[in-house]
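The lines below spell out each chain.
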Amino acid sequence: MYTDILLPVDREHEASWKTALPVAIEYCRAFGAKLHVLTVVPGLGVGDVSSFLPMGYEQQLLDKANQWMHAFARDNVPSGIAVQHIVGHGKVHREILRVATEIGADLIVMASHRPELKDHLLGSNAANVVQHAKCSVLVVRARP
Ligand code: ADP
């Protein structure tokens, strides 16, 4: 039923994948799907802040994210599952939506929000993805 599952993970927050990754793995196993793991390095935003930063600073962040991503997959994804590592750059929800289209994802699996933000039912990135994704989105909630 599903062939390409996208799992967006926030490197700064383990909760973004701790519950969602096992679900994505089970779906990959059940359907023989490929797992695409995406982490987004947020862009620096408006104004040319980058001109105040050392040369190559953003590239260093992207390289670090790429290394993290490979270690993450090696340590947490069982060897029988085909994995693609993707590092995005820019606004998180836009990158998730762009990559989902680019890889032809038919399912996005993601956590609802950070557990410490108890008043949120859905974080802003999750809400945007649910609202605009062209494919199914499975929002995984941590158990209380
Ligand atoms: P919150 O505002 O509580 O952090 P979010 O909507 O930002 O909630 O986070 C929900 C999900 O969005 C995360 O579990 C993750 O799947 C995705 N996400 C958030 N930040 C990133 C990021 N930098 N890279 C990839 N995915 C992210």
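Here the structure is a predicted model, which is why all the values come from computation and not from measurement.

## Some words on the pattern of salt bridges
For side chains of opposite charge, pairing can occur when their charged atoms come near one another.
No. 1: In total, this model carries 4 salt bridges according to the counting rule given.
No. 2: One salt bridge connects E26 with R29, and the closest N-O pair in it is separated by 3.2 Å. Of this pair, E26 and R29 both sit in helix α2 (residues 20-31), separated by 3 residues, roughly a single helical turn.
No. 3: Where D75 meets R74, a salt bridge forms, and the shortest distance between an N and an O atom there is 3.8 Å. Comparing D75 with R74 shows no difference in burial state: the two are exposed.
No. 4: When salt bridges that share partners are traced, they join E95, R98 and E102 into one network.

## Examining the site of the ligand
No. 1: Around the ligand, a shell composed of 18 residues is seen, among which P8, V40, R114, N125 and A126 lie nearest.
No. 2: In the environment of the ligand, an oxygen atom lies 2.9 Å from a nitrogen or oxygen atom belonging to the backbone of A126.
No. 3: Considering the ligand on its own, with 550 Å² of exposed area, one finds that the protein chains cover 93% of that surface.
No. 4: At the level of secondary structure, the elements contributing two or more residues to the shell around the ligand comprise β2 (34-42), β4 (107-111) and α5 (124-132).

## Describing the packing of aromatic side chains
No. 1: If you walk through the whole model with that rule in mind, you get 5 aromatic pairs.
No. 2: A centroid spacing of 4.9 Å and a plane angle of 80 degrees characterise the contact between W17 and F72, whose relative ring orientation is edge-to-face. Separated by 55 residues along the polypeptide, W17 in helix α1 (residues 15-18) and F72 in helix α3 (residues 57-76) bring together distant segments of the chain. Each member of the pair, W17 together with F72, is buried.
No. 3: Members of the aromatic cluster, joined through ring pairs, are Y2, Y27 and F31.

## Concerning α3
No. 1: For α3, built from 20 residues, the straight-helix expectation of 28 Å at 1.5 Å per residue is met to within 8% by its first-to-last C-alpha distance of 28 Å.
No. 2: Where α3 is buried, its residues touch α1, α2, β2 and β3 (83-90).

## As for the sheet that holds strand β1 (residues 4-8)
No. 1: Here 5 strands make up an open sheet; going across it, the order is β3-β2-β1-β4-β5 and the pairing parallel. In this open sheet, the two strands that pair with only one neighbour each are β3 and β5 (136-140). Shown here is a sheet whose adjacent strand axes are inclined to one another by a mean of 25 degrees, direction ignored.
No. 2: One ladder, built from 5 bridges, connects β1 with β2; its direction is parallel. Its bridge partner lying in β2, D4 is registered against K34.
No. 3: Packed on one face of the sheet, helix α4 (residues 92-103) meets β1, β2, β3 and β4 and runs near 140 degrees to β3.

Cut-offs used in this document
Residues numbered from 1 in each chain as written. Predicted model: local features only at pLDDT ≥ 70, side-chain atom pairs only at ≥ 80, totals over all residues. Heavy atoms only, no water. Salt bridge = Lys/Arg side-chain N within 4 Å of Asp/Glu carboxyl O. Helix = DSSP H or I, 4+ residues; strand = E, 2+ residues; numbered from the N terminus. Buried < 20%, exposed > 50% of the residue type's maximum accessible area, 1.4 Å probe, protein only. Near = heavy atom within 4 Å. Polar contact = N/O pair within 3.5 Å; in protein donor to acceptor, adjacent residues only side chain to side chain. Areas by Shrake-Rupley, 256 points an atom, 1.4 Å probe, with all protein chains shown as cover. Phe/Tyr/Trp six-rings, centres within 6.5 Å; stacked < 30°, edge-to-face > 60°. Expected span 1.5 Å × (residues − 1). Contact = heavy atoms within 4.5 Å. Pairing = 2+ DSSP bridges. Axes fitted to C-alpha atoms, helices over the stretch in contact; angles between N-to-C directions.

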